[in-house]
Every structure is written in structure tokens, then in C-alpha cells.
Amino acid sequence: MSRRSGKSILNNCKEDRQIPSHEQQGISDEQEREALFQSLAEEPLNQWDHSIAPDIPSLESISQMISSHKEVVRSRLWRDLLLLWGIGSFIITGLMFVLYSSLQVFLFVQLGTLGAAGLILLRASFRKEGRRKWTH
Amino acid sequence: MTSVELQAEESDAIIGQAIRGDEQALARLLRDHYAMLYRYLLKVTMNKSMTEDLVQDTMLRAIERIHTFQRKSKFSTWLISIGTRLYIDEMRKKKRERQWQNDEQALQAIRFDAAMSNTEWHDALDALGKLSYDIRLPILLKYYYGYAYEEIAQWLNIPIGTVKSRLHNGLKQLRKELNSDEQTQRQVYP
């Protein structure tokens, strides 16, 4: 959190203030907006915030929620894994069948798949926006 | 060592245990941050039932991802970032948006709760409630919670310039809304 970080920067700049630079202008605008928010809504929000009293669940119920959710995630993972293995074995069986039937078709399918994978990877590398990280 | 330092060290140890897979430590962490998360989401959504759903979803997501928490920020900040992203996802899903369209009713329920706890309901809160979610969110994150532009831009998945313009326009809208409320009051009670 960098609350009120603009203030110290502004104090350091106080001595040479005759001609405000763009940066100083930006900081004073920010301070102005912060002051405006304080005058408009900070106190009502503080009062409301203090009055909110949620029903906090007990330690036992949260522990139970954690255990059951971990169980759900684990079973979901196994389901996805089994699905993946199923699809994988289906594809491999199909490819083996194609390989024994015609080598040319097999090579064509292989090259086509590689090309498509390359294209998808290339597109994904351009689409950086929207990628989300949960690792703070 | 002061009590604050001791507390910080203790909470650091609990976070470490939770990351390593200790369910009891994670449960304690989530319970300790429950009220903070609830208050944040209620202010952001202005909708009690949506807040309850989002708090639950945030906790479930935190359980799934706790091993990825790298302690670069506070645990509370991490939870807020998860909650914020889940809220944005909810609002972007058109179906859910329609489901939560009954904003005025939701706001009335919150007003009722505030009245029950003898808390004065200011016009500023109504004005905040009238702002659209994508403007209210950066205003609260920046000016109430004090997060940096970079963090807000990352969580909202928008450029920093857009965050700044939303803040600028949002505050202007807030002031306009409050001024018009004041004028209406003056006309009713001269």
C-alpha cells in the first residue's frame, strides 16, 4: 500500500515551486482529488464501516469448509486427469490405426497438428493482456 | 520486543504454516480476515447477498491458491485482490448482472441494517451507491483503502490512465450527485 505517498514527494519539491512542472501539477491534482474525497465521503464511510458487524463463522466451520473444499478440488482433479487419459488413449489408438492404414495420411495429420499447435502458441504469446496472476 | 512486533511475527508464522498446507493455520487466517473482507466487499458491491456470496467464493479461491501466495503483499491485500477480481467477473457475466440489477432494493436493505445499528446513513453513501461499479471500485480502492494506481490497474485489468480518468470522472460525478441532493433538500425543506 502506498497511501499518501504523494505528500512527501510534494514536500520535497516545495522549495523550487515558482514554475510548477507537469509532475508537480499531477501531484497537486492528486492531492486535490484526495482532499475532495475526504470532504465528500471519508467520514460517512468510516462511520458505516465501523457499524458493519458480520457474523464471523467459527474456526471449526471454516476448518470443515477447507477440508471439504480440498476434497472437492482433489476429486475434480482426478476426474479431469481421467478425462485427459481417456482422450489421450483415444487419440493414440486412432493414430496407430492411421499409421497402419496409410503412412502418408499419418504424416499429414502429424504435420497439420504441429502447425496448428504452433499457431495457437504464437497467438497466445501475443495475447498477454488479460492474463491474471494470483501470486502476490 | 513490542506486542505489535510479536503479533506480526506470530501472524507471519501462521501465514507460513498455511502456505505449507496446515489447515488449522489457514482456518485461523481466514477467520481473522473475515470481517475485513466482508466490510470491503459490502462497500464495493453495496449489496448484502452479493457480498455474502463473494466472501464465500473468495475464501474458496484462497483455499485453492494459498500455495501460490508469495508474501510480496499483506495477506489482506491478497484477499482483497481475489475478491475484487471475482466481483468484476461477476459483474461482467451478463446473466448475473441482470440478477443483481435490483440495486435500489439492495441499498435499502443496507440502509435498514445501518438504522438498526443506530448508524446515520449519509447522502454520500447513497451517492456512492448510485455510481456504476467500475467507477465506485477504483474510488474506494484508491482513496479509502490507499492502494497504488498500479495495483488497481492490475486488479481491474485496465491501463493506469483509465484508472486515473475513472477516478477523476467518478469524483466529479459524486460531487454533482451530492450537490443535486442538497438542492433537492433545500427545495423540500427551505
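Residues numbered from 1 in each chain as written. Chains lettered and ligands numbered in written order. Predicted model: local features only at pLDDT ≥ 70, side-chain atom pairs only at ≥ 80, totals over all residues. Heavy atoms only, no water.

Visitor: Explain the overall build of chain A to me, and be specific about the residues and the numbers.
Guide: When its secondary structure is counted, chain A shows 4 helices and 0 strands. Secondary structure elements in chain A, listed N-terminal to C-terminal, are α-α-α-α. When each of the 136 residues of chain A is scored for burial, the buried share is 19%. Of the roughly 10,600 Å² of accessible surface on chain A, 64% is carried by carbon and sulfur atoms. (Helix = DSSP H or I, 4+ residues; strand = E, 2+ residues; numbered from the N terminus. Buried < 20%, exposed > 50% of the residue type's maximum accessible area, 1.4 Å probe, protein only. Areas by Shrake-Rupley, 256 points an atom, 1.4 Å probe, with all protein chains shown as cover.)

Visitor: Explain the packing of aromatic side chains to me, and be specific about the residues and the numbers.
Guide: The tally for this structure, following the rule as stated, stands at 11 aromatic pairs over all chains. Ring centres of Trp78(A) and Trp85(A) lie 6.4 Å apart, and the angle between their planes is 70°; on these two criteria the pair is classed as edge-to-face. Taking relative accessible area as the criterion, Trp78(A) reaches 49% and is therefore assigned partly exposed. Geometrically, the ring pair formed by Tyr40(B) and Tyr145(B) is edge-to-face, given 5.2 Å between the ring centres and 85° between the ring planes. (Phe/Tyr/Trp six-rings, centres within 6.5 Å; stacked < 30°, edge-to-face > 60°.)

Visitor: Residue-level account of the nonpolar core, with values.
Guide: Counting 73 residues, the largest nonpolar core has Leu45(A), Trp48(A), Leu30(B), Phe75(B) and Leu141(B) as the members making the most contacts within it. The element best represented in this core is helix α2 (residues 23–45) of chain B, accounting for 12 residues. Residue contacts for Phe75(B): discarding those within four places in its chain leaves Ile15(B), Leu29(B), Leu30(B), His33(B), Ile66(B) and Phe69(B). (Core = buried A, V, L, I, M, F, W, Y, C linked by side-chain atoms within 4.5 Å. Contact = heavy atoms within 4.5 Å.)

Visitor: Can you tell me about the interface of chain B and chain A, naming the residues and giving the values?
Guide: The partner chain A presents 39 residues to the 62 residues of chain B that form the contact. Interface area, chain B with chain A, both sides summed: about 5,100 Å², of which 64% is carbon and sulfur. When the buried area of chain B at its contact with chain A is split by residue, Arg85(B), Tyr143(B) and Tyr144(B) rank highest and sum to 14% of it. Where chain B meets chain A, there are 3 salt bridges. For the salt bridge of Lys142(B) with Glu30(A), the shortest nitrogen-to-oxygen distance reads 3.8 Å. Put simply, chain B and chain A have 10 residue pairs in polar contact (both at pLDDT 80 or more) between them. Residue assignment for the side of chain B that touches chain A shows that the elements contributing at least two residues are α2, α3 (48–65), α4 (75–92), α7 (123–130), α8 (133–144), α9 (149–156) and α10 (160–188) of chain B. Looking at which element gives the most residues to the side of chain B that touches chain A, the answer is α2(B), with 13 residues. (Buried area = accessible area lost by both parts, 1.4 Å probe. Salt bridge = Lys/Arg side-chain N within 4 Å of Asp/Glu carboxyl O. Polar contact = N/O pair within 3.5 Å; in protein donor to acceptor, adjacent residues only side chain to side chain.)

Visitor: Describe in detail the confidence of the model for chain A, supporting the description with residues and values.
Guide: Residues and elements named next belong to chain A. For chain A, per-residue confidence averages 80 on the pLDDT scale, and residues scoring 70 or more make up 73% of the total. The spread of mean pLDDT over the elements of chain A runs between helix α1 (residues 5–12), the lowest at 38, and helix α3 (residues 59–101), the highest at 94. Counted against residues more than four places away or in other chains, residues 1–19, with its pLDDT under 50, gives 23 contacts. (pLDDT = per-residue confidence, 0-100.)

Visitor: Break down a nonpolar patch on the surface for me, with residues and values.
Guide: Residues and elements named next belong to chain A. On the surface, Ile92, Met96, Leu99, Tyr100, Leu103 and Leu107 cluster together to form a nonpolar patch covering roughly 660 Å² of accessible area. Elements supplying a minimum of two residues to the nonpolar patch: α3 and α4 (103–126). In terms of residue count, the dominant contributor to the nonpolar patch is α3 (4 residues). (Patch = residues over 30% accessible without salt bridge, like charges linked within 9 Å, V, L, I, M, F, W, Y side chains within 5 Å.)

Visitor: Which residues make up the packing of α4(B) against α9(B), and what values go with them?
Guide: Residue and element names in this part refer to chain B. Viewed as axis vectors pointing N to C, α4 and α9 meet at an angle of 40°, and their least axial separation amounts to 9 Å. Taken as axis vectors, α4 and α9 run oblique relative to one another. Judged by residue contacts, Thr77, Ile80, Ser81, Thr84, Arg85, Ile88 and Arg92 of α4 engage Glu151, Gln154, Trp155 and Leu156 from α9. Taken together, the residues that form the contact of α4 with α9 break down as 4 nonpolar, 4 polar and 3 charged. (Axes fitted to C-alpha atoms, helices over the stretch in contact; angles between N-to-C directions. Parallel < 35°, antiparallel > 145°, perpendicular 65-115°, else oblique. Nonpolar A, V, L, I, M, F, W, Y, C, P; charged D, E, K, R; others polar.)

Visitor: Run through the UniProt feature "transmembrane region" (unreviewed entry) in chain A, naming residues and quoting values.
Guide: Residue and element names in this part refer to chain A. When the UniProt feature table is mapped onto this chain, "transmembrane region" (unreviewed entry) is found at residues 81–100 and 106–126. Spanning residues 81–100, this segment combines 100% helix with 0% strand, and its end C-alpha atoms are found 28 Å apart. Along residues 106–126 the backbone is 100% helical and 0% strand, and the end-to-end C-alpha distance reaches 31 Å. (UniProt positions renumbered as here; feature names shortened; annotations may be inferred.)

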